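Here are the chains, one letter per residue:
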Amino acid sequence: MPSVTTIEPFLDPEHLETAAAVEEFVAEKIAPLPAAADDDEGRAQAREILARLGSSGWAAFAAPDGDRPDSPPADLRAACLIRETLAHASPLADAVFALQALGSRPLIDGGSEDLRARWLPRVAAGSAMAAFAMTEPDAGSDVGGIRTEAVRSRDEWVLEGRKWLISNAGIADFYTVFAVTRPGAGTRGLSCFLVPADAEGLRFVGPQILSAPHPLGEIELAGCRLPTDHLLGIENEGFKLGMRTLDRLRATVAAAACGMAARALAEARRHATERRQFGRSLDDLQLVQASLAEMATDLESSRLLTYRAAWEVDRGGEEVSYRSAMAKLAATEAAQRVVDRAVQILGGRGVLAASPVDHLYRSVRALRIYEGASDIQRLVIARRLP
Ligand SMILES: Cc1cc2nc3c(=O)[nH]c(=O)nc-3n(C[C@H](O)[C@H](O)[C@H](O)COP(=O)(O)OP(=O)(O)OC[C@H]3O[C@@H](n4cnc5c(N)ncnc54)[C@H](O)[C@@H]3O)c2cc1C
């Protein structure tokens, strides 16, 4: 973990305690976990990680609930510190924390008191796993292309459709699902629903296997019946709820990218000092020094943008979309470069499957795609240029 001094101007004194405490937790409970060998192992490990995050109190930071006195306050900088530290040790653990936040945010913002009381304490305790189901085969960046429909009939909603590329599909306890409630109205006709995994008509179709451990998959909703209070927020305003969720949490994706980049830099530095070629260590070679300098500069600038964006969220500023999109764009693109340079510095060792930098190489790529691809972030930034 890089020191907090770079980002201290954006932190409150209690964040320094959070950073130290989460680092200790990760060193004890997350870093020793073996890398999952396949998708089944990754799924089992994701649930184990969630249990550990829950029992240690960290999962509660993913789902801060202002109505409960035992819940930590909403604090995006703390969430960023947690994601950065988790991603440094385990991209899978980072994903588990991230999905608790993403899947439960629409419930926090739009759920009835009863629904929140039923689910949020379990989300915070790590006994209920959340998922966020927006993407479909024909609706990725273009959310207005969603085809899943929700029709109201008397005292229930009936959902029909299919969601794919959904993190935690098959292991989640509930999904926040986006569906069309006013056909033909595009993004103005979407609503958001909480769908328990055991709801009648919800079926896990199967996993979609990634090159790095990450439980991903497809679900089908066939005549899926829900009580009317499972609508989150206002009918036909689901797009706004979804975008608010993504805007808010985007800086945490940037934080995860910083964690992966920091780990890659640490591995590269260690190797460069230990490895000798041409009679001297690699870090005596100016071209290697230049590469390490570029990596460090990428990391420092990413962290500044990330915590600047999180500070904007925490202070209720007006530039959340702009700053969060810029942080995500810059940090995820930079992390890709940093990880690639680390692989290069490690040479052949860097592409061995057991190497931490190879694991990072396989993990970091998706960050430039999910929660809004880099090109979408560029559009958001361009539209909001001051
Ligand atoms: C590991 C992983 C986890 C995921 N988890 C979830 C999840 O939990 N829940 C969920 O709902 N989804 C999830 N997704 C899906 C993810 O959000 C989508 O993949 C993403 O939104 C892009 O959609 P798409 O794949 O359909 O690509 P497309 O929308 O087809 O876009 C492909 C590419 O086209 C370009 N492009 C698209 N539109 C534009 C434009 N307007 N201007 C310029 N370029 C453009 C971009 O370069 C983009 O990368 C996950 C994806 C991955 C890889």
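Reading the values: rules and limits
- Residues numbered from 1 in each chain as written.
- Predicted model: local features only at pLDDT ≥ 70, side-chain atom pairs only at ≥ 80, totals over all residues.
- Heavy atoms only, no water.
- Helix = DSSP H or I, 4+ residues; strand = E, 2+ residues; numbered from the N terminus.
- Expected span 1.5 Å × (residues − 1).
- Buried < 20%, exposed > 50% of the residue type's maximum accessible area, 1.4 Å probe, protein only.
- Arc of directions from axis to C-beta.
- Contact = heavy atoms within 4.5 Å.
- Near = heavy atom within 4 Å.
- Polar contact = N/O pair within 3.5 Å; in protein donor to acceptor, adjacent residues only side chain to side chain.
- Areas by Shrake-Rupley, 256 points an atom, 1.4 Å probe, with all protein chains shown as cover.
- Core = buried A, V, L, I, M, F, W, Y, C linked by side-chain atoms within 4.5 Å.
- Phe/Tyr/Trp six-rings, centres within 6.5 Å; stacked < 30°, edge-to-face > 60°.

Participant: How should helix α1 (residues 13-30) be read in this particular structure?
Facilitator: Because an α-helix completes one turn every 3.6 residues, residues spaced three or four positions apart along the sequence face the same direction. Under the 1.5 Å per step criterion, the end-to-end length of α1 is 25 Å for 18 residues, consistent within 8% with the ideal 26 Å. Listing the buried residues of α1 in full gives H15, T18, A19, V22, F25, V26 and I30. Here the buried residues of α1 occupy an arc of 135° about the axis, which is enough to place them on one side. In α1, the exposed positions angled more than 90 degrees off the buried face are occupied by P13, E17, E24, A27 and E28. Where α1 is buried, its residues touch α2 (39-55), α3 (76-89) and α4 (91-110).

Participant: What should I look at first to understand the site of the ligand in this one?
Facilitator: Around the ligand, the surrounding shell holds 21 residues, and the nearest of these are F132, T135, S141, L165 and D375. In the model, a nitrogen atom of the ligand is placed 2.9 Å from a nitrogen or oxygen of the S167 side chain. For the ligand, whose unbound accessible area comes to 970 Å², protein coverage reaches 66%. Of all elements in the fold, only β1 (130-133), β3 (156-167) and α10 (374-383) reach the threshold of two or more residues within the shell around the ligand.

Participant: What should I look at first to understand the nonpolar core in this one?
Facilitator: It is characteristic of soluble globular proteins that their nonpolar side chains tend to be buried jointly. Grouped together as the largest cluster of nonpolar side chains are 93 residues, with contacts concentrated most on L53, L86, L107, I146, L292, M295 and Y307. Among the elements that take part in this core, helix α6 (residues 238-274) stands out by supplying 17 residues, more than any other. Setting aside residues no more than four positions away along its own chain, L53 makes contact with F25, W58, A59, L86, A93, V96 and F97. Within the second largest apolar cluster, 20 residues are counted, among which are A150, A199, I219 and L231.

Participant: Mind showing me how you'd approach the packing of aromatic side chains here?
Facilitator: How two aromatic rings sit relative to each other is given by the distance of their centres and the angle of their planes. Summed over all chains, the structure comprises 6 aromatic pairs. A centroid spacing of 6.1 Å and a plane angle of 45° characterise the contact between F10 and W311, whose relative ring orientation is tilted. Taken as a pair, F10 in the segment before α1 and W311 in helix α7 (residues 286-314) lie far apart in primary sequence, 301 residues in all. By relative accessible area, which is 17% here, F10 ends up buried. Three or more aromatic residues joined by ring pairs form one cluster here, namely F25, W58 and F61.

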